[in-house]
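Structural overview
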Amino acid sequence: VNLHLRLDRFKVTGHYRTPPAAGMFGGYIQGFGQSIIEGDISPGSEGGTKITGEWVHTAGPLEKGTFMVQWNQEVKAMKGWWATDADSDARHEWIWMPITTRFQ
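Predicted, not measured: the structure shown is a model, and the values here were computed from it.

Rules used in this analysis
- Residues numbered from 1 in each chain as written.
- Predicted model: local features only at pLDDT ≥ 70, side-chain atom pairs only at ≥ 80, totals over all residues.
- Heavy atoms only, no water.
- Helix = DSSP H or I, 4+ residues; strand = E, 2+ residues; numbered from the N terminus.
- Buried < 20%, exposed > 50% of the residue type's maximum accessible area, 1.4 Å probe, protein only.
- Contact = heavy atoms within 4.5 Å.
- Areas by Shrake-Rupley, 256 points an atom, 1.4 Å probe, with all protein chains shown as cover.
- Phe/Tyr/Trp six-rings, centres within 6.5 Å; stacked < 30°, edge-to-face > 60°.
- Pairing = 2+ DSSP bridges.
- Axes fitted to C-alpha atoms, helices over the stretch in contact; angles between N-to-C directions.

1. Some words on the overall build of the chain
- Of regular secondary structure, the chain possesses 0 helices and 7 strands.
- Counting from the amino terminus, helix and strand elements in the chain follow one another as β-β-β-β-β-β-β.
- Each of the 104 residues in the chain was classed as buried or not, and the buried ones make up 24%.
- At a minimum sequence separation of 6, the contacts of the chain that also span at least 24 residues come to 24%.
- Accessible surface, the chain as shown: approximately 7,500 Å² in total, 53% of it carbon and sulfur.

Structural data, given as structure tokens:
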């Protein structure tokens, strides 16, 4: 996930790629889905940060949907769910893990 924060407006925009399945095409492809995300930043539970918004696939098997992630101190990551507009009742777990240790 590559995010751009607009703290003056409490907005986040970004993009991400989904990884290929283990062993798929020898691991040489960058992922089957590419998406753009836009969300709102707000206080989450227990003093953490929450982001709610929408995602749109620019390439990949899905089209668009909604998401919510919030800081989870136990896993030290943003944890939440994503859903498609076509099946908004089915929420799938989503975890955004930091790739550096700057968030400690």
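2. As for the packing of aromatic side chains
- In the structure shown here, the tally under the stated rule is 4 aromatic pairs.
- On the basis of an interplanar angle of 80° and a centroid distance of 5.9 Å, the ring pair of Trp55 and Trp82 is categorised as edge-to-face. In this pair, Trp55 is assigned in strand 4 (residues 49-59) and Trp82 in strand 6 (residues 77-84), connecting sequence segments 27 residues apart.
- Looking at Trp55, the relative accessible area reads 1%, which means it is buried.
- Summarising the aromatic geometry, the rings of Phe67 and Trp94 are spaced 5.6 Å apart at their centres and angled 85° between planes, so their arrangement reads as edge-to-face.

3. Topic: unusual backbone geometry
- Even without being glycine, Phe10 reaches a positive phi, approximately 55°.
- Its location among the elements puts Phe10 in the loop between strand 1 (2-6) and strand 2 (11-17).
- Even without being a glycine, Lys76 presents a positive backbone phi close to 55°.
- Summarising the element assignment, Lys76 is placed in the loop between strand 5 (64-72) and strand 6.

4. Points about the side chain of Thr84
- On the secondary structure map, Thr84 appears in strand 6.
- A relative accessible area of 14% places Thr84 in the buried class.
- With residues near it in sequence (within four places) discarded, Thr84 still touches Trp55, Leu62, Lys64 and Gly65.

5. Observations regarding the sheet that holds strand 7 (residues 92-96)
- Reading across the sheet, the 7 strands line up as 1-2-3-4-5-6-7 and stay open at both edges, with antiparallel pairing between neighbours. A single partner strand is all that each edge strand has here, and the edge strands are strand 1 and strand 7. Put simply, the sheet's adjacent strands are angled 25° from each other on average, direction ignored.

6. Observations regarding the pairing of strand 3 (residues 34-43)
- Sheet topology note: the strand 2/strand 3 ladder contains 7 bridges and is antiparallel. Looking at strand 3, one finds that Gly14 is bridged to Ile37.
- Two strands pair when backbone bridges link them, and strand 3 and strand 4 are joined in this way by 10 bridges, in the antiparallel orientation. By the bridge assignment for strand 4, Asp40 is matched with Thr52.
- Here strand 3 hands over to strand 4 after 5 residues, with Glu46 in that stretch at a positive phi of 55°.

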